[in-house]
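# Summary of structural features
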Amino acid sequence: MTAIPRVLSIAGTDPTGGAGLQADLKSIGALGGYGMGVVTALVAQNTCGVRAVHVPPVSFLAEQLDAVSDDVTIDAVKLGMLHSAPLIEVIAAWLARVRPPVVVLDPVMVATSGDRLLDAEAEDAVRRLCNLADLVTPNLPELAVLVEQEPASTWADAIDQARFLASSSDTTVLLKGGHLTGDGACPDAIVTTDGVHEVLGRRVTTTNTHGTGCSLSSAMATLAASGLSWSSALDRAKEWLTGALENGAALDVGHGHGPVDHFHELRSQPAGFDSWTESRWAATAPIRAAVDACAFVVTLGDGTLDRDQFHWYLAQDAYYLGEYSHLLARASTLAPTREEQVFWARGAAAALEEEAALHRSHVGDGPVAASATTLAYVGHLHATSGEYAELVAALLPCYWLYADVGERLRALDHEGHAFHDWLGTYGDPAFAQAARQATAIVERAAQEAPAAVRQRMVDAFDRSMAHELAFFEAPLNQAPTAEKVLTAHH
Ligand SMILES: Nc1ncnc2c1ncn2[C@@H]1O[C@H](COP(=O)(O)OP(=O)(O)OP(=O)(O)O)[C@@H](O)[C@H]1O
Ligand SMILES: Cc1ncc(CO)c(N)n1
């Protein structure tokens, strides 16, 4: 696998660019993948509806598929409009032969406009194809067809149907609630035979909903190929898609159900030096270089770090994470939007659950006497906690620096590595995604902040970076004498 996943969409077209293959390529690109496309059917459609469908000979579909797989390693495949049973047979045979590591099936049957995109006789073939997919992403009417029941009228019934499909087809189901009517929620869920991971989402009032299903399924394929679990992929994809829905109308494309804005995150990110977070990252390059070069990080990477020093560091970090979690919860309290509130609250839980579990497994759960270095860092974080923008700027280096160091150390990781679990935790792509989200939030806060607040953000961020360096240097500086005395006294 490469850092940039190579994702193939096999789908029909939409010349207005909002749905089908064109939407897939945009979604794959927006989430960091390299998009490729094989056309099943050419569809003369726009935001108002489908006018005509032209299907090239089945043999030509096989030629397109082979042209890609004979040359390119495919990290994930997304299947969209499949049109009819003969095309599905060719694709199923190709999948069985090429065996891409991730296969997402969007069982497209009817367009948003109400036009059929799949022959009624092909429904059985799609049902069989579910067995070859790692993830199937039906909306409520499609789910009903797949399980041969009446469309669910409540979310609970839909979850039951999704569980039935997951079990009968031995797959994972992404159940989409876009077609539910009612209150302000727009839930989606990952459903397996073992459980349900629900993402509530908020319903956006817009007519720009053309291609949401296509966009979501290609986003999921891309994120899975980047190493995210289905649940983490849905958390990330849902946040992105909700933003895309919110920004769709501004595109002013067409007179019917317009498209969503796949690249809204790119547009809200000011270019070059206008980016506050990028400019802080650049300004703190000397501190980051010192982190990379410090003996602790180097020997953590090559596996020669002294165990006692590693354990001393972990104990200090366990103390730190306890406080850090409190401050993430404080950021959640101060957050201006529900999305940011949820993000920080999740982070607060993860700091205690995921990271601290790693620490407990090495150094147990006992009380820790914090070192002067640890107390200085925690004290700094507390001092910024009066104001949201300043606090999140101070919290960011812990995400960003660890994701950055983690990504590089990951290259040195292997099964028998002395610090395999540490490298796994911080080299995890889900951690990198969280760091990117945190960075986007801080960027937004910086863009909105008045000059005086922005200056305090600079201090908050840069000081945290310096504390991070001191934290990595502390274990090898042989905890100074005064500290030893205090520790012994406890
Ligand atoms: N108005 C909305 N606000 C927020 N999210 C929405 C809205 N409409 C759809 N979604 C989301 O878009 C995704 C697609 O859901 P939906 O159930 O509409 O699928 P679909 O019918 O396959 O889509 P398509 O419109 O492409 O046919 C889901 O994540 C759903 O929650
Ligand atoms: C080609 C194509 N695939 C899927 C959809 C569903 O939105 C559409 N309208 N067009």
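The rules behind the values
Residues numbered from 1 in each chain as written. Chains lettered and ligands numbered in written order. Predicted model: local features only at pLDDT ≥ 70, side-chain atom pairs only at ≥ 80, totals over all residues. Heavy atoms only, no water. UniProt positions renumbered as here; feature names shortened; annotations may be inferred. Near = heavy atom within 4 Å. Polar contact = N/O pair within 3.5 Å; in protein donor to acceptor, adjacent residues only side chain to side chain. Areas by Shrake-Rupley, 256 points an atom, 1.4 Å probe, with all protein chains shown as cover. Helix = DSSP H or I, 4+ residues; strand = E, 2+ residues; numbered from the N terminus. Nonpolar A, V, L, I, M, F, W, Y, C, P; charged D, E, K, R; others polar. Pairing = 2+ DSSP bridges. Right-handed = clockwise from strand over helix to strand, strands pointing away. Salt bridge = Lys/Arg side-chain N within 4 Å of Asp/Glu carboxyl O. Buried < 20%, exposed > 50% of the residue type's maximum accessible area, 1.4 Å probe, protein only. Axes fitted to C-alpha atoms, helices over the stretch in contact; angles between N-to-C directions. Parallel < 35°, antiparallel > 145°, perpendicular 65-115°, else oblique. Left-handed = near helix turned anticlockwise from the far one by under 90°. Contact = heavy atoms within 4.5 Å.

Identification of the chain as Hydroxymethylpyrimidine/phosphomethylpyrimidine kinase from Branchiibius hedensis is taken from an unreviewed UniProt entry. What UniProt records for the chain under Function (unreviewed entry) is the sentence "Catalyzes the phosphorylation of hydroxymethylpyrimidine phosphate (HMP-P) to HMP-PP, and of HMP to HMP-P." Under the heading Pathway (unreviewed entry), UniProt records this for the chain: "Cofactor biosynthesis; thiamine diphosphate biosynthesis; 4-amino-2-methyl-5-diphosphomethylpyrimidine from 5-amino-1-(5-phospho-D-ribosyl)imidazole: step 3/3."

Now for the site of ligand 1. Residues in contact with ligand 1 amount to 18 residues; listed here are only the nearest, Lys 176, His 179, Asp 188, Val 204 and Lys 238. In the model, an oxygen atom of ligand 1 is placed 2.4 Å from a nitrogen or oxygen of the Asp 188 side chain. Note that an oxygen atom of ligand 1 is positioned 2.7 Å from one of the side-chain N or O atoms of Lys 238. With the chains in place, 93% of the 620 Å² that ligand 1 exposes on its own is no longer accessible. Elements that contribute at least two residues to the shell around ligand 1 include exactly α7 (212-225) and α8 (230-248). Per-class residue counts for the shell around ligand 1 are five nonpolar, eight polar and five charged.

This brings us to the pairing of strand β2 (residues 34-39). Note on strand geometry: in a regular strand, side chains alternate between the two faces of the sheet. Sheet topology places strand β1 (residues 6-11) next to β2; six bridges connect them, and they run parallel. The residue bridging Ile 10 from the neighbouring strand is Val 38, located in β2. Tracing the backbone out of β1, into helix α1 (residues 20-30) and back to the parallel element β2 gives a crossover that is right-handed.

A few words now on the pattern of salt bridges. Applying the stated criterion to the full structure yields 18 salt bridges. Among the salt bridges present, the one from Arg 202 reaches Glu 339, with a minimum N-O distance of 2.8 Å. Here Arg 202, found in the loop between β10 (196-199) and α7, pairs with Glu 339, found in helix α14 (residues 338-363); they are 137 residues apart in sequence, far enough to count as distant. In this structure Arg 202 comes out as partly exposed when scored by relative accessible area, which is 30%. The class of Glu 339 is partly exposed, set by a relative accessible area of 32%. When salt bridges that share partners are traced, they join Arg 202, Glu 246 and Glu 339 into one network.

Taken N-terminus to C-terminus, the directions of helix α11 (residues 285-293) and helix α16 (residues 388-410) make an angle of 45°; their axes are 11 Å apart at the nearest point. Overall, the two elements α11 and α16 adopt an arrangement that is oblique. In the packing of α11 onto α16, the handedness of the crossing is right-handed. Residues Arg 288, Val 291 and Asp 292 of α11 lie in contact with α16, whose contacting residues are Leu 401, Val 405 and Arg 408.

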